[in-house]
Amino acid sequence: MKRRFSGDPGGAPRRTSSRASNRAADLAGHGFAAVFRAIKAVRPVRPIHPRGISLVGELNLTGAAGRAAAGLPAASGIAWLDDAGTRQVRGRFSRSVGLPESLPDILGLALRTSAASGDTGAAGAGDSADVGDVLFASTGWGVPGRFMLLPKLDVGSARFTTLMPYRGANGPVLLGLRTVSLPGRATGRADTRGNFKESLATGDWTLALHYATPAGRWVQAGLLHLRAAAHDAGHTDSTETDSTKTEGADTAIRFDPLKHPLPGAGTYPWARRLRERSYRAARRPSPRIIGAPDPAGFTAADRNSANRRHGSADERNTMSTVTQVFNSPASSVWKVIADGWLYSGWVVGASRIRSVDAHWPEVGSLLHHSVGSWPLLINDSTKVTAADPGRQLELIARGWPIGEAKVVITLEELGEQCRVTMSEDAVRGPGLAVPKALRDPIITVRNRETLQRLELMAAGGAGN
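Keep in mind the model is a prediction, meaning the values are calculated, not measured.

A word on the overall build of the protein chain
Helix and strand counts for the protein chain stand at 10 helices and 16 strands. A buried classification covers 46% of the 464 residues belonging to the protein chain. At a minimum sequence separation of 6, the contacts of the protein chain that also span at least 24 residues come to 59%. Accessible surface for the protein chain amounts to roughly 22,300 Å². Of this, 57% is attributable to carbon and sulfur atoms.

Okay, here's the thing in structure tokens:
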């Protein structure tokens, strides 16, 4: 009689179940990766957790012997948890979705730990040797809440878990954190630019580290003390913008528990399949967005000048472009454009003008407008990024949460007439996630109406 698997009479069903779970994880992993790619069109550097606070600190682990002496379960099955000692930690606290900080968000805490004091086995560098990364997110604390992401506004009441279990010697193990104390000045609001960030420069954020089986009770394994890092010297990421690197409150370190696992903490195949495609999608280099900082160090004025000399026509060909011949000279049309208070009269979507810089339309000047219809109005602004008076105006028009668009208006003299060309495309925000084949016709229809309004205002003498 043939055996299915030697020494494992139940092997076939278990292997079949494992293959099914891996296939399911593959499908989910492809889905998550697609979502990440879509978000990356909007946020090319960090699709999620866009802003954060750079942290440093220490993790004091009691170890298996210490837990046994306290009457707690001793061995977790993960060597990193079962070895007592003090580990140096670098970390990053962030808000996952990047919602306004007055709203709850999924909170994230990423940690990179060193070897325990006196342990040179990790990399032969004592307590400065990096050992591994671990990622926590705000979740519930019980079952099944510990496996569900939970938006929070108050960091003090938040509970953090690894969401997916590690593969330990004794089976699956979850890690969790809960706040024990906050710096004295902290209000508890989980922000990355306000009180919580500032309070971390004055005192420690102390959290208790726990571990548990997926359905078991939490066991305290140590205490984590974190504070704001003065500056994340080194460990820069070439994909970060200059403002991100020099801000000092954030870090360019990229945490990856798959590449940098904790000692003794393996990863289940289904968890790896679920995560790795998303990680790759998030870190894939993105094409530069129009209006983003230039990695070569050229200023906006340099690029605008070069575009006018060499590439403005080619650039317009990649944008949604509308052209119309006006029965008015270019000078009359420019007078309308140059009066910022008339902007809402000819630009479709702009409902009112709130203020206009005195030097409009010079480079760098702003007009502050509202977009939409009452009572659903969005206050934002439009900025001049290049100007050739009487001939061309380049703008960045903002309308968040929809995003930002680049607009180029060009005037060509035709005697008593002129040819007006208007080119536009999304450059930042959710509008970029709309396929170009769909957004171009929408922009074209709107800008045809915009040019018709502009022509009527110029013919009527507006701006004189």
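Some remarks on helix H8 (residues 330–338)
Residues of H8 that are buried: Ala330, Val333, Trp334, Val336 and Ile337. Buried positions in H8, seen along its axis, are confined to an arc of 155 degrees and lie on one side of it.

What about helix H10 (residues 436–459)?
The end-to-end C-alpha separation of H10 is 34 Å, in line with the 34 Å expected for 24 residues at 1.5 Å each. For H10, every residue scored as buried is listed here: Arg439, Asp440, Ile443, Thr444, Asn447, Thr450, Leu451, Leu454, Glu455, Met457 and Ala458. Considering only its buried residues, H10 is in contact with strand S10 (320–326), H8, helix H9 (343–346) and strand S16 (417–428). Downstream of H10 by a residue or two, glycine 461 has a phi angle that is positive, lying close to 85 degrees.

Things to note about the side chain of lysine 152
Turning to its location among the elements, lysine 152 is positioned in the loop between strand S4 (130–139) and strand S5 (159–161). Here lysine 152 sits buried without a salt bridge, and the closest side chain of opposite charge, aspartate 154, lies 6.5 Å off (N-O distance). Side chain to side chain, lysine 152 and serine 157 meet in a polar contact 3.3 Å long.

Observations concerning the packing of aromatic side chains
This structure, assessed with the given rule, holds 6 aromatic pairs. A ring pair is formed by phenylalanine 93 and tryptophan 205, whose centres lie 5.6 Å apart and whose planes are at 90 degrees; its orientation type is edge-to-face. In this pair, phenylalanine 93 is assigned in strand S2 (residues 85–95) and tryptophan 205 in strand S8 (residues 205–212), connecting sequence segments 112 residues apart. Just as phenylalanine 93 is buried, tryptophan 205 falls in that class too.

Side note on unusual backbone geometry
A cis amide bond links valine 143 with the next residue in sequence, proline 144, at an omega value of 10 degrees. Mapped onto the elements of the fold, proline 144 is located in the loop between S4 and S5. Omega for the bond connecting tryptophan 360 with proline 361 falls within 30 degrees of zero, at 5 degrees, which places this linkage in the cis form. Relative to the helices and strands, proline 361 resides in the loop between strand S11 (350–356) and strand S12 (366–373). The backbone phi angle of leucine 163 is positive, close to 70 degrees, even though this residue is not glycine. By the secondary structure assignment, leucine 163 is in the loop between S5 and strand S6 (166–168).

Describing the pairing of S2
For a regular strand, the rule is simple: side chains alternate between the two faces of the sheet. The buried count for S2 comes to 8 of 11 residues, which makes it a mostly enclosed element. Of the strand pairs in this sheet, strand S1 (residues 52–61) and S2 are connected by 10 bridges, and their pairing is antiparallel. Paired with leucine 59 across the two strands is arginine 87, which belongs to S2.

What to know about the confidence of the model for the protein chain
Regions with low pLDDT carry predicted coordinates that are not meant to be interpreted in detail. Looking at the protein chain as a whole, its pLDDT mean stands at 79, while 73% of the residues score no less than 70. Here residues 120–128 is modelled with pLDDT under 50, and outside its nearest four sequence neighbours on either side it reaches 13 contacts, counting other chains as well. Contacts of residues 287–317 to residues separated by more than four positions or lying in other chains number 33 contacts, the stretch itself having pLDDT below 50.

Describing the environment of threonine 113
Summarising the element assignment, threonine 113 is placed in strand S3 (residues 107–114). Remark: the alpha-carbon pair of threonine 113 and arginine 90, spanning 23 residues in sequence, is separated by 6.6 Å. At 3.3 Å, the side chain of threonine 113 forms a polar contact with the side chain of tryptophan 80.

Regarding the pattern of salt bridges
Opposite charge on two side chains permits pairing when their charged atoms draw close. Taken as a whole and assessed by the stated rule, the structure comprises 16 salt bridges. A salt bridge links aspartate 204 to arginine 227, with the nearest nitrogen and oxygen atoms 3.4 Å apart. With aspartate 204 in the loop between helix H4 (195–199) and S8 and arginine 227 in strand S9 (residues 219–228), this residue pair connects regions lying 23 residues apart in the sequence. Among the residues examined, aspartate 204 registers a relative accessible area of 30% and is labelled partly exposed. Given the relative accessible area of 26%, arginine 227 is considered partly exposed. For glutamate 449, the salt bridge identified is with arginine 453, shortest N-O distance 3.0 Å. Note that glutamate 449 and arginine 453 are positioned in helix H10 at a spacing of 4 residues, about one turn of the helix. According to the relative accessible area criterion, arginine 453 is partly exposed, its value standing at 30%. Through salt bridges with shared partners, a single ionic network connects Asp380, Arg398, Glu404 and Arg428.

Digging into the sheet that holds strand S15 (residues 404–414)
The sheet built from 7 strands is open, its strands ordered S10-S16-S15-S14-S13-S12-S11 with antiparallel pairing. Of all strands in the sheet, those with a lone pairing partner are S10 and S11, marking the two edges. Going from strand to strand, the sheet's axes swing by 25 degrees on average, the running direction of each strand aside. One ladder, built from 8 bridges, connects S12 with strand S13 (residues 376–388); its direction is antiparallel. Bridge pairing in S13 places serine 373 opposite leucine 376. This element, H8, spans S10, S13, strand S14 (392–398), S15 and S16 of the sheet and lies at about 155 degrees to S15. Contacts from H10 reach S10 and S16, with the element oriented near 20 degrees to S10.

Conventions and cut-offs
- Throughout this description, residue numbers start from 1 for each chain and increase along the sequence as written.
- In view of the model being predicted, local features appear only for residues whose pLDDT reaches at least 70, and side-chain atom pairs are presented and counted only at 80 or more, with totals across whole chains, interfaces and linings using the full set of residues.
- Calculation of side-chain values draws on the structure's entire complement of heavy atoms; hydrogens and water are dropped beforehand.
- For helices the rule is a DSSP run of H or I covering at least 4 residues; for strands it is a run of E covering at least 2, with both sets numbered from the N terminus onward.
- Buried, partly exposed and exposed residues are distinguished by accessible area as a fraction of the type maximum, computed with a 1.4 Å probe on protein chains only: under 20%, between the cut-offs, and over 50%, respectively.
- Here a residue-residue contact requires only that any non-hydrogen atoms of the pair lie within 4.5 Å.
- Each accessible area value is a Shrake-Rupley result obtained with a 1.4 Å probe; residue values ignore everything except the protein chains displayed when judging cover.
- To obtain the arc, one takes the directions from the helix axis to the C-beta atoms.
- Expected helix span is computed as 1.5 Å times (number of residues minus one).
- The sign given to each residue is positive for Lys and Arg and negative for Asp and Glu; His and the chain ends receive no count.
- For salt bridges, the criterion is a side-chain nitrogen of Lys or Arg within 4 Å of an Asp or Glu carboxyl oxygen.
- Here a polar contact is recorded for every N or O atom pair within 3.5 Å, except that within protein the pair must consist of a potential hydrogen donor and a potential acceptor, and residues adjacent in sequence are included only if both atoms are side-chain atoms.
- Two rings from Phe, Tyr or Trp (for Trp, the six-membered ring) form a pair when their centres are within 6.5 Å of each other. A pair whose planes differ by under 30 degrees is stacked, one over 60 is edge-to-face, and the rest are tilted.
- In this description, strands pair whenever DSSP reports at least two bridges between them.
- A score between 0 and 100, pLDDT records how confident the predictor is in each residue.
- Axis definition: a line fitted to C-alpha atoms, limited for helices to the stretch in contact. Angles are taken between N-to-C directions and run from 0 to 180 degrees.

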